[in-house]
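Topology and contacts: notes
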Amino acid sequence: MILFCGIPSEPPLAMAIEAAQRLGVEHAVFHQREVERAYIVLESRHGRLGGALRLGDRELRLEDIDGVYTRIM
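Now for a look at the structure at hand. Every value quoted in this text rests on a predicted model; they were computed, and no experiment measured them.

**Structural notes on the nonpolar core**
M1, L3, C5, A28, F30, L53, L55, L60 and I65 form the largest nonpolar core, which has nine residues in total. Of all elements in the fold, only β1 (2-6), β2 (27-31) and β4 (48-55) reach the threshold of two or more residues within this core. Setting aside residues up to four positions removed in sequence, C5 forms contacts with L13, F30, V68, Y69, T70, R71 and I72.

**Notes on helix α1 (residues 11-23)**
Given 3.6 residues per turn, any residue in an α-helix points the same way as the ones three and four places further on. Over its 13 residues, α1 extends 18 Å from the first C-alpha to the last, a length consistent with the 18 Å expected when each residue adds 1.5 Å. Among all positions in α1, only L13, A14, A16, I17 and A20 are buried. Each buried residue of α1 lies within a common arc of 165 degrees when the element is viewed along its axis, so the set occupies one face. Among the exposed residues of α1, those pointing more than 90 degrees away from its buried face are P11, M15, R22 and L23. Against β1, β2 and β6 (67-71) lie the buried residues of α1. Trailing α1 by a residue or two, G24 shows a phi angle of about 75 degrees, which is positive.

**Digging into the side chain of Q32**
Position of Q32 among the secondary structure elements: in the loop between β2 and β3 (38-45). Polar contacts involving the side chain of Q32 include one to the main-chain amide nitrogen of M73, which spans 2.9 Å. Residues in contact with Q32, not counting those within four places in the same chain, are G6, I7, R71, I72 and M73.

**Observations concerning the packing of aromatic side chains**
Applying the stated criterion across every chain yields a total of one aromatic pair. Between the aromatic rings of F4 and Y69, the centroid separation amounts to 6.2 Å while the plane-to-plane angle is 80 degrees, which identifies the pairing as edge-to-face. In this pair, F4 is assigned in strand β1 and Y69 in strand β6, connecting sequence segments 65 residues apart. Note on Y69: relative accessible area 31%, which makes it partly exposed.

Rules behind the numbers
- Residues numbered from 1 in each chain as written.
- Predicted model: local features only at pLDDT ≥ 70, side-chain atom pairs only at ≥ 80, totals over all residues.
- Heavy atoms only, no water.
- Core = buried A, V, L, I, M, F, W, Y, C linked by side-chain atoms within 4.5 Å.
- Buried < 20%, exposed > 50% of the residue type's maximum accessible area, 1.4 Å probe, protein only.
- Helix = DSSP H or I, 4+ residues; strand = E, 2+ residues; numbered from the N terminus.
- Contact = heavy atoms within 4.5 Å.
- Expected span 1.5 Å × (residues − 1).
- Arc of directions from axis to C-beta.
- Polar contact = N/O pair within 3.5 Å; in protein donor to acceptor, adjacent residues only side chain to side chain.
- Phe/Tyr/Trp six-rings, centres within 6.5 Å; stacked < 30°, edge-to-face > 60°.

In structure tokens:
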């Protein structure tokens, strides 16, 4: 899964999101202007880092995120 971070309407980020959709790549979008609706929980178990990221109504396991594309303004 790819996590896109920034303002989704900003052209480079919008193009990357559209490409992921077109290719059927699993992805999620962290909209920086909606940061008040997001939270992250980090945990360490047996020397491994894990946790969860909640974006609105969607919760993602950090271990399921393979890459992050960030264009934070």
